[in-house]
There are 4 protein chains.
Amino acid sequence: MTRLPAPFEREMRVYWEDTDAGGVVFFANYLKFFERARTEWLRALGFSQETMRLHTGVMFVVSHTQVRYLSPARLDDLLRVSVEIRELGRASMLLFQRAFCGQRLLAEGEIRIGCVSSSASLGSTPAADLKPTRIPAALIEAINQDCSDS
Amino acid sequence: MTRLPAPFEREMRVYWEDTDAGGVVFFANYLKFFERARTEWLRALGFSQETMRLHTGVMFVVSHTQVRYLSPARLDDLLRVSVEIRELGRASMLLFQRAFCGQRLLAEGEIRIGCVSSSASLGSTPAADLKPTRIPAALIEAINQDCSDS
Amino acid sequence: MTRLPAPFEREMRVYWEDTDAGGVVFFANYLKFFERARTEWLRALGFSQETMRLHTGVMFVVSHTQVRYLSPARLDDLLRVSVEIRELGRASMLLFQRAFCGQRLLAEGEIRIGCVSSSASLGSTPAADLKPTRIPAALIEAINQDCSDS
Amino acid sequence: MTRLPAPFEREMRVYWEDTDAGGVVFFANYLKFFERARTEWLRALGFSQETMRLHTGVMFVVSHTQVRYLSPARLDDLLRVSVEIRELGRASMLLFQRAFCGQRLLAEGEIRIGCVSSSASLGSTPAADLKPTRIPAALIEAINQDCSDS
């Protein structure tokens, strides 16, 4: 009997800044929570996006998001936000992400991120001239290693 | 030959707060831009969400979002954000929204919003106890009137 | 020789959402970081603002902020944000807060928060009708206890 | 009898994203509103910050903010946000800014912004290496012209 690998998870607290006048978390902020979890997931795999961007000009950009909002979260709630890989391509990957409060599912969605490289020069910004590029081999390896370890 | 009605559009400027370290608009902020345009569209139809919420306890909540990010926007860009109705149900509607900079399409997506009512009492927040409810008849009428006028 | 009590501190990571097109943390976001630290400080003292608000109608509001921005933080930086009490009044308190990255001071400021109570009724929002009120005695006690323990 | 020049003003609407669970505008967002007004004020004087940054490497950074929060604003409120010059130095200026809803003063504060230049190179971000620099002469001239015109 095989056991599915546990998804990467990260806890985060709901603060005033995350809520709206409805008294609950503003729906668009789940994309922020998902992004934080992705960043922590990459860090857990040994990858700092800032280092990657500054040293190699390679960064991830979000190309598609799909989110279902199922149950509201409130100020002071402690959320768990997960990251699972659905597809791992050469230049992009599809992630499945969920936000929970306790056992209650708040939101879930699919996020497609693509790997791009920029050739920033004086006065230009990193995202000015982006071209799809291969996901760094070391990251692919770390992801595959992580899956087989789980 | 029938002419499609022009979608509702709203202009908005990209400010520092909207950008991220990639030098472009942070992807999650398109959901904010889309929300602003929906609010202005409702206002143009004669509906203030705050008045609706305070007087009748009825509010709209977002239940599903799907967004494709096609081209980056930068600080100082002037965006046009559109709203079109895809489906108009009794308690929810599906909207198609797009953000442009000039003729360049930056992002587009479908947003499903549902109508809910709350029975707020002392110490509770409006979103605490939400039940699906019918979209106000006057709003349905205003939407249909608007379509036939276009 | 007396030793000053160590200020309350909280770590937080800089994510994409916190940065702007300058490549660094958007200055207004330090107020968010400071607010997160205050919330965690209150929680560490045994006070949940959401519980307080829902059960007693009492909440804290910010009445004055003053912040100096000294050094930029970047994506992936791990910040430490501190909270120290400067003045503890009957209905308000003045807090001194700082954000560090390692030993580097990024921003520091004074935040005055006041205690208010709302008498929310059907259809009104908690902040609709706010009156200054005394800080809960149990919180004053917890703060004084905390100081003498340090 | 001299007449004081009218301050620059800009209208902006309060959207869901601006509010918090207190039912009113989240206090930190006034810094965003003030920033939008400053950007529009610079644009009205003929200066695009993005063009300035990309072509000359010169940008404005906020070095100090002080804000008093006097009265809450709510969803759908139409705010007027003003900009007035208090001090105009060689490399920095002090601005006095206020936010109104109708005749009601919501928040007011002083914002100090400094002019800096960056020498961005491959892989570095514009704010990575910032040095104080003179405010562009053309901007000083436009400001002085604007004052004498009022």
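## Concerning the overall build of chain A
Now for step 1: Per the secondary structure count, chain A includes 3 helices and 6 strands.
Now for step 2: In chain A, the succession of α and β elements from N to C terminus is β-α-α-β-β-β-β-β-α.
Now for step 3: Buried residues in chain A amount to 56% of all 150 residues.
Now for step 4: Partitioning the intrachain contacts of chain A with sequence separation of at least 6 by distance along the chain shows that 63% fall at a separation of at least 24.
Now for step 5: About 6,400 Å² of surface is accessible on chain A, with carbon and sulfur atoms providing 52% of the total.

## Observations regarding the packing of aromatic side chains
Now for step 1: Applying the stated rule across the entire model yields 16 aromatic pairs over all chains.
Now for step 2: Where tyrosine 30 of chain A meets phenylalanine 33 of chain A, the ring centres are 5.7 Å apart and the plane angle is 80°; that geometry is what we call edge-to-face. Taken as a pair, tyrosine 30 of chain A and phenylalanine 33 of chain A lie in helix α1 (residues 29-44) at a separation of 3 residues, close to a single helical turn.
Now for step 3: Accessibility expressed as a relative area gives 3% for tyrosine 30 of chain A, which makes it buried.
Now for step 4: Overall, the relative accessible area of 0% leaves phenylalanine 33 of chain A in the buried class.
Now for step 5: Connected via pairs of aromatic rings, a cluster forms that spans Phe26, Phe27, Tyr30, Phe33 and Tyr69 of chain A.
Now for step 6: For arginine 86 of chain B, the ring lying beneath its charged end belongs to phenylalanine 96 of chain B, and the centroid distance is 4.0 Å.

## A look at the interface of chain B and chain A
The accessible area lost on association of the parts is a frequent measure of interface size.
Now for step 1: Counting residues at the interface gives 26 residues for chain B and 26 residues for chain A.
Now for step 2: Of the roughly 2,200 Å² buried where chain B meets chain A, counting both sides, 61% is carbon and sulfur surface.
Now for step 3: On the chain B side of the contact with chain A, Phe27, Leu31 and Tyr69 of chain B bury the most area, a combined 21% of that side's loss.
Now for step 4: Here chain B and chain A share 0 salt bridges between them.
Now for step 5: In this assembly, chain B and chain A are joined by 8 residue pairs in polar contact (both at pLDDT 80 or more).
Now for step 6: Listed by contribution, the elements that provide at least two residues to the side of chain B that touches chain A are α1 (29-44) and β2 (58-69) of chain B.
Now for step 7: The biggest single contributor to the side of chain B that touches chain A is β2 of chain B, with 9 residues.
Now for step 8: The residue makeup of the side of chain B that touches chain A, split by class, is 13 nonpolar, 7 polar and 6 charged.

## Here's the deal with the pattern of salt bridges
Residues and elements named next belong to chain C.
Now for step 1: In total, this model carries 48 salt bridges over all chains according to the counting rule given.
Now for step 2: Glutamate 40 is paired through a salt bridge with arginine 10; the nearest N and O atoms lie 3.6 Å apart. On the criterion of sequence distance, the pair formed by glutamate 40 in helix α1 (residues 29-44) and arginine 10 in strand β1 (residues 8-13) is long-range, its members being 30 residues apart.
Now for step 3: Using a relative accessible area of 3% as the deciding quantity, one classes glutamate 40 as buried.

## Considerations on the relation of the copies chain C and chain A
Now for step 1: When chain C is fitted to chain A, the residual RMSD is 0.0 Å, and the transformation amounts to a turn of 180° plus an axial shift of 0.0 Å. Interpreted geometrically, this transformation is the action of a two-fold axis. Residues of chain C ranked by C-alpha distance from the rotation axis are headed by methionine 12 of chain C, positioned 5.1 Å from it.
Now for step 2: Looking at the interface residues of chain C, 100% of them are also at the interface in chain A, so both copies use one shared face.

## A short note on the interface of chain C and chain A
Now for step 1: Counting from both sides, the interface comprises 19 residues of chain C and, opposite them, 19 residues of chain A.
Now for step 2: Where chain C abuts chain A, roughly 2,200 Å² becomes buried across the two surfaces, and 46% of that area is made up of carbon and sulfur atoms.
Now for step 3: On the chain C side of the contact with chain A, Tyr15, Trp16 and Glu17 of chain C bury the most area, a combined 28% of that side's loss.
Now for step 4: One salt bridge connects arginine 13 of chain C with glutamate 40 of chain A, and the closest N-O pair in it is separated by 3.7 Å.
Now for step 5: Counting residues per element, the ones that place at least two in the side of chain C that touches chain A are α1 and α2 (49-56) of chain C.
Now for step 6: Among the residues forming the side of chain C that touches chain A, the class breakdown is 5 nonpolar, 3 polar and 11 charged.

## Description of the relation of the copies chain B and chain A
Now for step 1: Once turned by 180° and shifted 0.0 Å along the axis, chain B lies on chain A with an RMSD of 0.0 Å.
Now for step 2: The share of interface residues of chain B whose copies in chain A are also at the interface is 100%, consistent with both copies meeting through the same surface.

## What about the side chain of arginine 13 of chain A?
Now for step 1: Checked against the element boundaries, arginine 13 of chain A lands in strand β1 (residues 8-13).
Now for step 2: Here aspartate 76 of chain A takes part through its backbone oxygen, which lies 2.9 Å from a polar atom of the side chain of arginine 13 of chain A.
Now for step 3: The contacts of arginine 13 of chain A, once residues within four sequence positions are left out, are Asp18, Asp76, Asp77 and Leu78 of chain A together with Glu40 and Arg43 of chain C.

## Some details on helix α2 (residues 49-56) of chain D
Because the α-helix completes a turn every 3.6 residues, residues three or four places apart line up on one side.
All names here are of chain D.
Now for step 1: Residues Gln49, Glu50, Met52 and Arg53 constitute the buried set of α2. Angular distribution of buried residues about the axis of α2 spans 165°; they occupy a single face of the element.
Now for step 2: Buried-residue contacts for α2 involve α1 (29-44) and β2 (58-69).
Now for step 3: Among the residues trailing α2, glycine 57 stands out with phi positive, at a value near 75°.

## Structural notes on α1 of chain A
All names here are of chain A.
Now for step 1: When the terminal C-alpha atoms of α1 are compared, their 23 Å separation across 16 residues agrees well with the 22 Å that a helix rising 1.5 Å per residue should span.
Now for step 2: Along α1, 14 of the 16 residues are buried, which leaves the element largely enclosed by surrounding structure.
Now for step 3: Directly beyond the C-terminal end of α1, a positive phi value near 100° is found at glycine 46.

## What to know about unusual backbone geometry
Trans is the common state for peptide bonds, and a negative phi is the common state for residues other than glycine.
Residue and element names in this part refer to chain A.
Now for step 1: Positive phi, normally seen in glycine, also occurs at aspartate 76, with a value near 80°.
Now for step 2: Relative to the assigned elements, aspartate 76 resides in the loop between β2 (58-69) and β3 (78-88).
Now for step 3: Owing to a relative accessible area of 10%, aspartate 76 belongs among the buried residues under this scheme.

## Observations regarding the environment of alanine 91 of chain C
All names here are of chain C.
Now for step 1: For alanine 91, the position within the fold is in the loop between β3 (78-88) and β4 (92-101).
Now for step 2: Each C-alpha atom, one on alanine 91 and one on arginine 80, is 28 Å from the other, the two residues being 11 residues apart in sequence.
Now for step 3: In this structure, alanine 91 is in contact with Ile113, Gly114, Cys115, Thr133, Arg134 and Ile135, ignoring residues within four places of it in sequence.

## Side note on the confidence of the model for chain A
A low pLDDT means the predicted coordinates there should not be read in detail.
Residues and elements named next belong to chain A.
Now for step 1: Across chain A, the average pLDDT comes to 89, with 89% of residues at 70 or higher.
Now for step 2: Across chain A, the element-wise mean pLDDT spans from 85 in helix α2 (residues 49-56) up to 98 in strand β4 (residues 92-101).
Now for step 3: The complex prediction reports pTM at 0.93, with the ipTM value standing at 0.90.

Criteria and cut-off values
Residues numbered from 1 in each chain as written. Chains lettered and ligands numbered in written order. Predicted model: local features only at pLDDT ≥ 70, side-chain atom pairs only at ≥ 80, totals over all residues. Heavy atoms only, no water. Helix = DSSP H or I, 4+ residues; strand = E, 2+ residues; numbered from the N terminus. Buried < 20%, exposed > 50% of the residue type's maximum accessible area, 1.4 Å probe, protein only. Contact = heavy atoms within 4.5 Å. Areas by Shrake-Rupley, 256 points an atom, 1.4 Å probe, with all protein chains shown as cover. Phe/Tyr/Trp six-rings, centres within 6.5 Å; stacked < 30°, edge-to-face > 60°. Lys NZ or Arg CZ within 6 Å of the ring centre and 35° of its normal. Buried area = accessible area lost by both parts, 1.4 Å probe. Salt bridge = Lys/Arg side-chain N within 4 Å of Asp/Glu carboxyl O. Polar contact = N/O pair within 3.5 Å; in protein donor to acceptor, adjacent residues only side chain to side chain. Nonpolar A, V, L, I, M, F, W, Y, C, P; charged D, E, K, R; others polar. Least-squares fit on C-alpha atoms with pLDDT ≥ 70 in both. Arc of directions from axis to C-beta. Expected span 1.5 Å × (residues − 1). pLDDT = per-residue confidence, 0-100.

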